[in-house]
Amino acid sequence: MSDSTSDKSLTLFGITNELQEQIDRLMNPEYFWETEADNAQWLERMQELEQLFSKKIWACTWYLLSKESNIEMISMRIKQMEALLAREKKNKESFKQYILMSMQRMWQMEIETGNWKLSIRDSKSVHISDESLLPEQFIRTKVDKSPDKAAIKEALDSWQEVPWAVIQINSSLQLKV
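These notes cover the structure that comes with them. (Residues numbered from 1 in each chain as written. Predicted model: local features only at pLDDT ≥ 70, side-chain atom pairs only at ≥ 80, totals over all residues. Heavy atoms only, no water.)

1. A look at the pattern of salt bridges
Oppositely charged side chains are able to pair whenever their charged atoms sit close together. As enumerated under the stated definition, the model contains five salt bridges in all. We note a salt bridge from R45 to E48, for which the minimum N-O separation is 3.1 Å. Here R45 and its partner E48 are both found in helix α3 (residues 36-105), three residues apart, which amounts to about one turn of the helix. By the burial criterion, R45 is buried, and E48 matches it. D157 is paired through a salt bridge with K153; the nearest N and O atoms lie 2.7 Å apart. Within this pair, D157 and its partner K153 are both found in helix α4 (residues 149-157), separated by four residues, close to a single helical turn. (Salt bridge = Lys/Arg side-chain N within 4 Å of Asp/Glu carboxyl O. Helix = DSSP H or I, 4+ residues; strand = E, 2+ residues; numbered from the N terminus. Buried < 20%, exposed > 50% of the residue type's maximum accessible area, 1.4 Å probe, protein only.)

Shown next, in the form of structure tokens:
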């Protein structure tokens with residue numbers, strides 16, 4: 001009944017749409033088959049579409065699994081690169097301290113060549129040895145406001161009137177291998 005070349009080019013979306021159209025057609029009380037052959041053709045097409053749907057879902061699931069694998073591999077590579085970056089930053093800081101210590105030991109506050117200039121700059125910062133001993137005047141308090149979603153959900157679940165919030169249903173695809 002169907003052209004297998006056009007069926008192969010159907011996307012999951014296209015197959016789903018055609019299946020839904022066929023189901024809607026069946027559910028329409030105004031629709032009737034002229035002959036038993038029409039009924040047989042419809043049934044044959046539904047079976048073809050169901051097989052195509054299953055094959056497409058299978059193929060899409062393999063594609064999804066390959067994406068998950070790629071994400072895992074990229075995440076692992078990012079962690080490796082972050083570790084490498086952290087090591088390089090630490091090495092850079094260690095080497096800066098090495099140069100600083102050497103210049104200080106030789107009382108060299110500045111070294112200049114034609115290409116670059118190194119100099120020692122002193123800066124001041126406050127170091128607090130024990131925060132528990134600070135008087136109140138030296139403590140800054142931060143206030144962080146955020147909605148208590150658990151309390152709001154509880155109110156909605158107990159049918160309290162909460163006109164500024166609703167429970168939203170989010171659907172997601174779960175794949176277990």
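2. Digging into the packing of helix α2 (residues 12-27) against α3
Orientation of α2 relative to α3, taken along the N-to-C sense of each, is 150°, at an axis distance of 9 Å. Between α2 and α3, the interaxial angle falls into the category roughly antiparallel. Here α2 and α3 pass one another in a crossing that is left-handed. Residues L12, I15, T16, E18, L19, Q22, I23, R25 and L26 of α2 lie in contact with α3, whose contacting residues are W42, R45, M46, L49, E50, L52, F53, K56, I57 and C60. Looking at the contact of α2 with α3, its residues break down into 12 nonpolar, two polar and five charged. (Axes fitted to C-alpha atoms, helices over the stretch in contact; angles between N-to-C directions. Parallel < 35°, antiparallel > 145°, perpendicular 65-115°, else oblique. Left-handed = near helix turned anticlockwise from the far one by under 90°. Contact = heavy atoms within 4.5 Å. Nonpolar A, V, L, I, M, F, W, Y, C, P; charged D, E, K, R; others polar.)

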